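# Secondary and tertiary structure notes
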Amino acid sequence: MLDSEETIVAIASPTSPALRGIVRMSGQAVVAILRSVGVAVANEKRPTVIESRIELGSPLGEIEVSVSLWPTSQSYTGQPAAELHTIGSVPLLESIVRVLSAAGARAARPGEFTMRAFLAGRLDLPQAEAVLGVIEAEQRGSLEHALRQLAGNLSRPLEHMRSEMLDLLADVEAGLDFVDEDIEFISDQALVERLTTIHAALQETRRVMESRAGNRSRAVVALRGNPNAGKSHLINALVGREVAIVADVAGTTRDIVSVETVIDGTEIQWVDTAGIESHSHEDPLFEISAASQQHALRASQNADMRVWCVDASAGDLETLRRDFASHDGSSKRSSVDVWVATKSDLVTQRSDSPSWIYTSVVTGEGVQTLRDHIADWAASRDQEEVGSVIGTAARCAGALGQAATCLESSITLIRHGEGHEFVASELRVAVECLGEVTGAVYTDDILDRVFGRFCIGK
Ligand SMILES: Nc1nc2c(ncn2[C@@H]2O[C@H](COP(=O)(O)OP(=O)(O)OP(=O)(O)O)[C@@H](O)[C@H]2O)c(=O)[nH]1
Ligand SMILES: [Mg+2]
């Protein structure tokens, strides 16, 4: 896995039809390989773009490619690298890979480009995992997590702690060399103080990481619709208890009513909102009404799912759907809409469109179906969001925990007046643990675990 001498090649663009496609290559032989397939590479040290043609043999013949070349180690992978841009046809891109392979490149393994970037010091391990997160992230939540990691906000404080520990370790070890002369490089008191400070910072980072891993933002489901559509009755039926006040008069719900439940291990926050209505200035309760409309709108925009409740007996469902569809807007890219025809007991006709879930709190129709639908959605959303972050967190948690224990032991050893050689050995392990997390110390095992999950070509 650590073999970065060979020149690797892979399709780097999505393997679905697209306008443009990219084949990526990295390694010492990049320039030689390009020349051997007919790309006229000048003896330039700077990155260049070369418009060229490559012969792919029958039936494809000669095709035009635009070659971006980084001829020196000044590239993302820290070694000569090239990207061949051309038409985004997968068979064509595969042919290019075949031609380059015949000229001496080898097919890249998953994540191998990113691993080379990591080995070249372009990325630290959490950043490399974040690249993985970006590749995998469908959901905005996990993308944001991944990007934050990419910015290095996990590794920077850890690097700082590690370098502090290295300084202390140097002092302690220097003291060991002069132990007979009774020369002290750092007093026990100063040592304990500085170790305590580092320990506190480490615990804080662990806490942040743990909350980040556990921080699967719960799925927010808002019920929306006209006044009297049956939203509050439905939310009570869905959660199985009276959380919202219900009444025959329209405009019963004014405040946002919110309740949390756990369905099959997935947390859902249910939000009941005021029915959508326009209000007139004549209305003595104008201000209250305006405020509740505002709150309802905001709750809807922040929801991950909107359950649109349309009274099945109130008219043409599709017309109502059209009215609502663009009503609220959303601040969440990944929010979804679910369409519910309420009070199904009042109608005999049903819409042909399977996208309507008919519910009735009188007969109980559809309530379980709707609940299951929401639970399934919430569970899969949870999976995606957590996936990218949990990798780093799980890998790091063990190492950081061990580092914290080592620091605690060092402090205890010093307090008990034990020899500094024991303190030094605890510190050494602690430094190594932190190094493992930021990737300064890495093992094939960790690399395999991190990079094995990448897409080929990344
Ligand atoms: N027949 C029938 N009536 C229902 C059903 N669900 C609600 N209702 C009636 O519809 C009326 C309004 O119900 P609510 O749940 O308070 O409606 P809402 O959408 O919360 O109304 P606002 O809070 O005023 O916006 C009440 O009179 C309920 O009895 C149902 O499934 N079938
Ligand atoms: Mg209500």
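Numbers given to residues run from 1 along each chain, matching the order in which its sequence is written. Chain labels run from A onward and ligand labels from 1 onward, assigned in the order the entries are written. It should be noted that, the model being predicted, local features are given only for residues of pLDDT at least 70 and side-chain atom pairs only at 80 or more, the latter also being counted only at that level, while totals for whole chains, interfaces and linings use all residues. Computation of side-chain values: all heavy atoms of the structure, hydrogens and water removed.

Naming follows an unreviewed UniProt entry, where the protein chain appears as tRNA modification GTPase MnmE of Novipirellula galeiformis. UniProt positions are given in the numbering used here, feature names are shortened, and annotations may be inferred rather than shown by experiment. Recorded under Subcellular location (unreviewed entry), the UniProt text for the protein chain is reproduced unchanged: "Cytoplasm". The UniProt entry for the protein chain carries the following comment under Subunit (unreviewed entry): "Homodimer. Heterotetramer of two MnmE and two MnmG subunits."

Numbering of helices and strands runs from the N terminus; a helix is a DSSP stretch of H or I covering at least four residues, while a strand is a stretch of E covering at least two. Scanning the protein chain from terminus to terminus reveals 13 helices and 12 strands. Each of the 458 residues in the protein chain was classed as buried or not, and the buried ones make up 46%. For the protein chain, restricting intrachain contacts to residue pairs at least 6 apart in sequence, the fraction spanning at least 24 positions comes to 66%. Entry remark: accessible area of the protein chain is about 22100 Å², with carbon and sulfur atoms responsible for 52%. Categorising residues by exposure relies on relative accessible area from a 1.4 Å probe, with only protein chains included: less than 20% of the type maximum marks a residue as buried, more than 50% marks it as exposed, and the intermediate range marks it as partly exposed. What makes two residues a contact is simply this: any of their non-hydrogen atoms within 4.5 Å. To measure how exposed things are, a 1.4 Å probe is used in the Shrake-Rupley method; for residues, cover is taken only from the protein chains shown.

Here the focus is the sheet that holds strand 8 (residues 257–263). Strand-to-strand pairing in sheets goes through backbone hydrogen bonds, with the strands running parallel or antiparallel. Following DSSP output, two strands are said to pair if at least two bridges run between them. Taking strand neighbours across the sheet as the criterion, the 6 strands line up as 8-9-7-10-11-12 in an open arrangement whose pairing is mixed. The sheet terminates laterally at strand 8 and strand 12 (356–358), the two strands that pair on one side only. When strand polarity is set aside, the average angle formed by the axes of neighbouring strands in this sheet is 25°. The pairing of strand 7 (residues 219–225) with strand 10 (residues 305–311) spans 5 bridges and is parallel. From the neighbouring strand, Val221 faces strand 10, where its bridge partner is Met305. Of the strands in this sheet, strand 7, strand 9 (266–272) and strand 10 are in contact with helix 9 (residues 286–301), which crosses strand 7 at around 135°. For helices, the fitted axis covers only the stretch in contact; all axes are lines through C-alpha atoms, and the angles between them, taken along N-to-C directions, range from 0 to 180 degrees.

Moving on, we get to the pattern of salt bridges. For this document, the term salt bridge refers to a Lys or Arg side-chain nitrogen within 4 Å of an Asp or Glu carboxyl oxygen. Following the criterion strictly, the structure yields 14 salt bridges and no others. With a shortest N-O distance of 2.8 Å, Arg106 and Glu112 are connected by a salt bridge. Look at Arg106 and you get buried, because its relative accessible area is 18%. Put simply, Arg224 and Asp328 hold a salt bridge, and the shortest N to O gap is 2.7 Å. With Arg224 in strand 7 and Asp328 in the loop between helix 10 (317–325) and strand 11 (336–342), this pair connects stretches of sequence that are 104 residues apart.

Now for the UniProt feature "binding site: (6S)-5-formyl-5,6,7,8-tetrahydrofolate" (unreviewed entry) in the protein chain. Mapped onto this numbering, the UniProt entry gives "binding site: (6S)-5-formyl-5,6,7,8-tetrahydrofolate" (unreviewed entry) at Arg24, Glu83, Arg122 and Lys458. Locating Glu83 in the fold gives a position in strand 5 (residues 81–87). When near neighbours in sequence (up to four residues on either side) are disregarded, Glu83 contacts Ile22, Val23, Arg24, Ser66, Val67, Ser68 and Trp70. For Lys458, the location among the structural elements is in the segment after helix 13 (444–451). On the basis of relative accessible area, Lys458 is assigned to the partly exposed category, the value being 26%.

On the secondary structure map, Ala237 appears in helix 8 (residues 231–239). Placed 134 residues apart in sequence, Ala237 and Arg371 show a C-alpha to C-alpha distance of 9.4 Å. Other than its neighbours up to four places away in sequence, Ala237 contacts Val361, Val367 and Arg371.

When you tally the buried positions in strand 7, you get 7 out of 7 residues, the bulk of the element. Side chains of strand 7 alternate between two faces, with Ala219, Val221, Leu223 and Gly225 and Val220, Ala222 and Arg224 buried alike. Relative to strand 9, strand 7 runs parallel, the two sharing 5 bridges. Paired with Leu223 across the strands is Asp272, a residue of strand 9.

This brings us to the environment of Val257. Examined against the element boundaries, Val257 turns out to sit in strand 8. The exposure class of Val257 is partly exposed, given its relative accessible area of 21%. Sequence spacing of Val257 and Ala296 is 39 residues, and the spatial spacing of their C-alpha atoms is 9.9 Å. Setting aside residues no more than four positions away along its own chain, Val257 makes contact with Val243, Ala244, Trp270, Val271 and Asp272.

Helices that pack against each other are described as a pair by the angle of their axes relative to one another and the distance between those axes. For the pair helix 6 (residues 155–177) and helix 12 (residues 420–438), interaxial distance at closest approach is 9 Å and the crossing angle is 155°. Between helix 6 and helix 12, the angle is such that the two are roughly antiparallel. Here helix 6 runs over helix 12; the crossing is left-handed. Contact with helix 6, carried on its side by Ser155, Leu158, Glu159, Met161, Arg162, Met165, Leu166, Leu168, Leu169, Val172, Glu173 and Leu176, involves His420, Glu421, Ala424, Leu427, Arg428, Ala430, Val431, Leu434, Gly435, Val437 and Thr438 of helix 12 and no other residues of that element. When describing relative orientation, an angle under 35 degrees is termed roughly parallel and one over 145 degrees roughly antiparallel, while 65 to 115 degrees is termed roughly perpendicular and anything else oblique. By definition, turning the near helix anticlockwise from the far helix through less than a right angle yields a left-handed crossing, and turning it clockwise yields a right-handed one.

A few words on the nonpolar core. Throughout, nonpolar core names a set of buried Ala, Val, Leu, Ile, Met, Phe, Trp, Tyr and Cys residues whose side chains join them through atoms within 4.5 Å. Within the largest apolar cluster, 31 residues are counted, with the highest numbers of intra-cluster contacts made by Leu158, Met165, Leu195, Leu202, Leu427 and Leu434. Those elements that provide at least two residues to this core are helix 6, helix 7 (188–214), helix 11 (367–415) and helix 12. With 10 residues, helix 11 is the single largest residue contributor to this core. Excluding residues within four positions of it along the chain, Met165 makes contact with Ile198, Leu407, Leu427, Ala430, Val431 and Leu434. Counting 26 residues, the second-largest nonpolar core is a separate cluster that includes Val31, Val65, Leu93 and Ala105.

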